[in-house]
2 protein chains.
Amino acid sequence: MTNAAAAKTVPPETLVSALKWRYAVKKFDESGRIPAAQWAALEESLALSPSSYGLQAWKFLVVDDKALRAKLKPVSWDQSQITGADKLVVFLVKKDAGPADVQRFVDRISAVRRLPAEMLEDYKQMMLKSMSLPPEKVEAWLTRQVYIALGNFLTSAALLGVDACPMEGFDKDKYDEILGLHAKGWKSVVVATAGVRASDDAYGKNAKVRFPLSEVVEHV
Amino acid sequence: MTNAAAAKTVPPETLVSALKWRYAVKKFDESGRIPAAQWAALEESLALSPSSYGLQAWKFLVVDDKALRAKLKPVSWDQSQITGADKLVVFLVKKDAGPADVQRFVDRISAVRRLPAEMLEDYKQMMLKSMSLPPEKVEAWLTRQVYIALGNFLTSAALLGVDACPMEGFDKDKYDEILGLHAKGWKSVVVATAGVRASDDAYGKNAKVRFPLSEVVEHV
């Protein structure tokens, strides 16, 4: 399995123990801060998330402004994480994605790999075909990609020892309005808060509930 | 950030280098095998994936049968990874998910945490409310959760030094038919192959194409 250029790997038991350690934090330590190096790595991991074709029709909005976070809280079922976590990331999907987004990506490939546009024509046509589906299907497809980034973020955070909570319980229309997203071409999809779990968060003491491995992973 | 019960963490640069090392493998080394400990950890990581409410309305089908994989290849745009990778995982979502799935999960919480059903009633009602959306919305929501598991799997694999390729390019209806999924209450969502990259996979030499971090992660 060794590869000449392989990155430093992590032992299997480290991975599994990190995934067991993580849970959806309900109460953050409001004075807890994620160390700068860990947060920088998490931002980079977001940008490195895989997506279909590598299209990256997304943006990750980190809301630092306390007044904005106070405005988001009531439209997030008043959940304390919105203001109590060190970081709040709103995962966005491109609104009305289409050929221009494909072209922007093709231009980026061309620049990064120093390839002439002609060599990317077939790839571009494949992507344009996917983009020619009805708009609501395109949006659903691109939204699913955003969830890959969420999964990557949560796992990355766990491995760095950073606590997090994924959140779907918020009013997307209100988020879009408060953050002025539509005018900029974006829509909110899902939220992740991150920081340091409060030592008295009762949920941190609960046993993790998973169905037995033999039921969840099946071999044929 | 230290937590008394914290798992062993990974340095930020290890995480980032693993995510840079990974890419969507186009050609696997057909004789390459994932070590057993690494694969066991990946199966466990699938089961540990986060999902909305923790509902886990999913299953991960590992197709070991070579004849089955040969049948899947032509309905996967003939992509070589389907038969060339050491492992093939089909990510499934529960078909026609409803109150019975909520009850199954509530029963599991009750068993694992030794809690009387009454204490879980509010939580159950919340989940039932989410499940009462139109069936196509419920399925879309649960399908997005499956993508969290995909993101977790890809990141976990990268950290273990295991190569992988997420694949959406396959005929879902044919997969469902070949694997007999509908009758068992499941639908195929997305595929991940995993194994060892071929040393002559040209894609492994390509520079990774990402938009600049400053465009992808924005602060407000």
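Thresholds applied
Residues numbered from 1 in each chain as written. Chains lettered and ligands numbered in written order. Predicted model: local features only at pLDDT ≥ 70, side-chain atom pairs only at ≥ 80, totals over all residues. Helix = DSSP H or I, 4+ residues; strand = E, 2+ residues; numbered from the N terminus. Buried ≥ 20, exposed ≤ 12 C-beta atoms within 10 Å, placed from the backbone. Contact = placed C-beta atoms within 7 Å. Least-squares fit on C-alpha atoms with pLDDT ≥ 70 in both. pLDDT = per-residue confidence, 0-100. Nonpolar A, V, L, I, M, F, W, Y, C, P; charged D, E, K, R; others polar. Pairing = 2+ DSSP bridges. Axes fitted to C-alpha atoms, helices over the stretch in contact; angles between N-to-C directions. Core = buried A, V, L, I, M, F, W, Y, C linked by C-beta atoms within 7 Å.

### Thoughts on the overall build of chain A
On a plain count of helices and strands, chain A comes out with ten helices and five strands. For chain A, the spread of C-alpha atoms along the principal axes amounts to about 60 × 50 × 40 Å. Within chain A, the proportion of its 220 residues that are buried is 43%. If you take every contact in chain A between residues at least 6 apart in sequence, the share linking residues at least 24 apart comes to 84%.

### Details of the relation of the copies chain A and chain B
Structural alignment of chain A on chain B gives an RMSD of 0.0 Å, achieved by rotating through 180 degrees and translating 0.0 Å along the axis. One copy is carried onto the other by what is essentially a two-fold rotation axis. Minimal C-alpha distance to the rotation axis in chain A is attained by Gly151 of chain A, lying at 2.2 Å. Take the interface residues of chain A: 100% of them recur as interface residues in chain B, which is what a same-surface contact looks like.

### Quick notes on the confidence of the model for chain A
Residues at a pLDDT of 70 or more form 97% of chain A, whose mean pLDDT is 96. Under the prediction, the complex receives an ipTM of 0.97, its pTM being 0.97.

### Examining the interface of chain A and chain B
Of the residues lining the interface, 78 residues belong to chain A; the matching set on chain B comes to 78 residues. Broken down by secondary-structure element, the contributors of at least two residues to the side of chain A that touches chain B are helix 1 (12–21), helix 2 (36–47), strand 1 (58–62), helix 5 (99–113), helix 7 (135–160), helix 10 (213–216) and strand 5 (217–219) of chain A. Each residue belonging to the side of chain A that touches chain B can be placed in one class, and the counts come to 45 nonpolar, 19 polar and 14 charged. In this structure, strand 5 of chain A lies alongside strand 1 (residues 58–62) of chain B, joined through three bridges in parallel fashion. In the sheet register, Val217 of chain A faces strand 1 of chain B, and the bridge partner there is Phe60 of chain B.

### Remarks on the sheet that holds strand 4 (residues 186–195) of chain A
Spatially, 3(A)-4(A)-2(A)-1(A)-5(B) is the arrangement adopted by the five strands of the open sheet, whose pairing is mixed. The sheet terminates laterally at strand 3 (163–167) of chain A together with strand 5 (217–219) of chain B, the two strands that pair on one side only. Adjacent strand axes in the sheet meet at a mean angle of 25 degrees, parallel and antiparallel pairs treated alike. In the packing of helix 7 of chain A onto the sheet, contacts are made with strand 1, strand 2 (87–94), strand 3 and strand 4 of chain A, and the angle to strand 4 of chain A comes to roughly 10 degrees.

### Comments concerning the pairing of strand 3 of chain A
All names here are of chain A. In terms of burial, strand 3 is a largely internal element, five of the five residues being buried. Of the two faces of strand 3, the one holding Asp163, Cys165 and Met167 and the one holding Ala164 and Pro166 are both buried throughout. In this sheet, strand 4 lies alongside strand 3 in antiparallel orientation, the contact comprising five bridges. Across the sheet, residue Ala164 finds its bridge partner in strand 4, namely Ala194.

### What to know about the nonpolar core
By size, the foremost hydrophobic cluster in this structure holds 125 residues, and its most contacted members are Phe91, Leu150 and Ala192 of chain A together with Phe91, Leu150 and Ala192 of chain B. Ignoring any residue separated from it by four or fewer positions in sequence, one finds Ala192 of chain A in contact with Val89, Phe91, Leu150, Phe153, Leu154, Ala164, Cys165, Pro166 and Met167 of chain A.

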